[in-house]
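Structural features, examined
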Amino acid sequence: MPFDYSTSGLPDNDKWKAAAGTCNEWLNQNMGMFGPERIASFMEHQPIAAAKLIMDKCADWSEESVTLALLGPAKGLLLEPALDQQARDTFGDRAVELMKYMAGMDAVKFDQDMPRDATRLFLVEGLSTMNDQLIGRAKIDKHHQVRWNILKGLETNFATVKGQNSGLDPIFEEALVKSRAALEALDAAAKNGPAAKKGPKPPAP
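Residues numbered from 1 in each chain as written. Predicted model: local features only at pLDDT ≥ 70, side-chain atom pairs only at ≥ 80, totals over all residues. Heavy atoms only, no water.

1. Things to note about a nonpolar patch on the surface
Together, Met31, Met33 and Phe34 make up a nonpolar patch on the protein surface, roughly 300 Å² of accessible area in all. Residue position: Met33 is located in the loop between α1 (14-30) and α2 (35-57). We classify Met33 as exposed; its relative accessible area is 63%. (Patch = residues over 30% accessible without salt bridge, like charges linked within 9 Å, V, L, I, M, F, W, Y side chains within 5 Å. Areas by Shrake-Rupley, 256 points an atom, 1.4 Å probe, with all protein chains shown as cover. Salt bridge = Lys/Arg side-chain N within 4 Å of Asp/Glu carboxyl O. Helix = DSSP H or I, 4+ residues; strand = E, 2+ residues; numbered from the N terminus. Buried < 20%, exposed > 50% of the residue type's maximum accessible area, 1.4 Å probe, protein only.)

Next comes the structure, spelled out in structure tokens:
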């Protein structure tokens, strides 16, 4: 079944419906080879789950942080100059300004809560990445070093924001531990496995 916002369990919010719909459309255009069912599963376990986590674990969550969580990999569209006015009309000025702030651009309408929202988005998106790409990984592939780089980046960035979100921090920290354990187990298996023991054989007697 294709993705349907009405079954997501999220409130009937026009901005959030548009954000989730934009993400789903982006996935269909860029990841269409996976088909509607796997894309719907991605929507449920990534942007939808990230949005719910913000709402469940942060009492003072903002509408814009949930909007950006629902946009997922499509949120970069808010930085396209040609789409600026359309994005503001659809998602609101602050959502666009928050995205600019997160991208290191000048937010014309900056407010004191943007760093808070940006940190929460880093945490929930990092959790999505770890659950999808790192935790429980069964084998090494050509992207193994990239996964290590992702994990080290998440660990480094978390060290700078730890302590700001008591609801999200323990979940993120546990995921870091599981991610590191998974990658280290793969490295150990590669080091000690049959392939590692191959080498020149002694001459036959």
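Having seen the model, we can carry on.
2. Some details on the packing of α1 against α2
Two elements in contact, α1 and α2, have axes separated by 10 Å at closest approach and are oriented at 145°. Viewed along their axes, α1 and α2 form a crossing whose handedness is right-handed. In this structure, α1 uses Trp16, Ala20, Cys23, Asn24, Leu27 and Asn28 to contact α2, whose residues at the interface are Ile39, Phe42, Met43, Pro47 and Met55. For the contact of α1 with α2, the per-class residue count stands at 9 nonpolar, 2 polar and no charged. (Axes fitted to C-alpha atoms, helices over the stretch in contact; angles between N-to-C directions. Left-handed = near helix turned anticlockwise from the far one by under 90°. Contact = heavy atoms within 4.5 Å. Nonpolar A, V, L, I, M, F, W, Y, C, P; charged D, E, K, R; others polar.)

3. Details of the nonpolar core
Grouped together as the largest cluster of nonpolar side chains are 49 residues, with contacts concentrated most on Leu70, Leu78, Met130 and Phe172. Of all elements in the fold, only α1, α2, α3 (63-71), α4 (84-91), α5 (93-102), α6 (114-134), α7 (144-161) and α8 (169-192) reach the threshold of two or more residues within this core. If sequence neighbours within four positions are ignored, Phe172 has contacts with Phe122, Leu123, Gly126, Leu127, Met130, Leu154 and Phe158. (Core = buried A, V, L, I, M, F, W, Y, C linked by side-chain atoms within 4.5 Å.)

4. Here's the deal with the packing of α3 against α6
The description of two helices packed together rests on the angle between their axes and the distance between the axes. Between α3 and α6, the shortest axis-to-axis distance is 10 Å and the interhelical angle comes to 30°. It follows that α3 is roughly parallel to α6 by the angle criterion. Crossing hand, α3 versus α6: right-handed. Where α3 abuts α6, its residues Ser65, Leu68 and Ala69 lie against Asp117, Leu121 and Glu125. Looking at the contact of α3 with α6 residue by residue, the classes come out as 3 nonpolar, 1 polar and 2 charged. (Parallel < 35°, antiparallel > 145°, perpendicular 65-115°, else oblique.)

5. So, the packing of aromatic side chains
All chains considered together, the criterion is met by 4 aromatic pairs. With a centroid separation of 5.8 Å and an interplanar angle of 55°, the aromatic rings of Trp16 and Trp61 are classed as tilted. Of this pair, Trp16 sits in helix α1 while Trp61 sits in the loop between α2 and α3; the two residues are 45 residues apart in sequence, bridging distant segments of the chain. Given the relative accessible area of 32%, Trp61 is considered partly exposed. Ring-pair connections join several aromatic residues into one group, and the members of that group are Phe122, Phe158 and Phe172. (Phe/Tyr/Trp six-rings, centres within 6.5 Å; stacked < 30°, edge-to-face > 60°.)

6. Thoughts on the confidence of the model for the chain
For the chain, per-residue confidence averages 92 on the pLDDT scale, and residues scoring 70 or more make up 94% of the total. Considering each helix and strand of the chain separately, the mean pLDDT is smallest for helix α9 (residues 194-197), with a value of 50, and largest for α3, with 98. (pLDDT = per-residue confidence, 0-100.)

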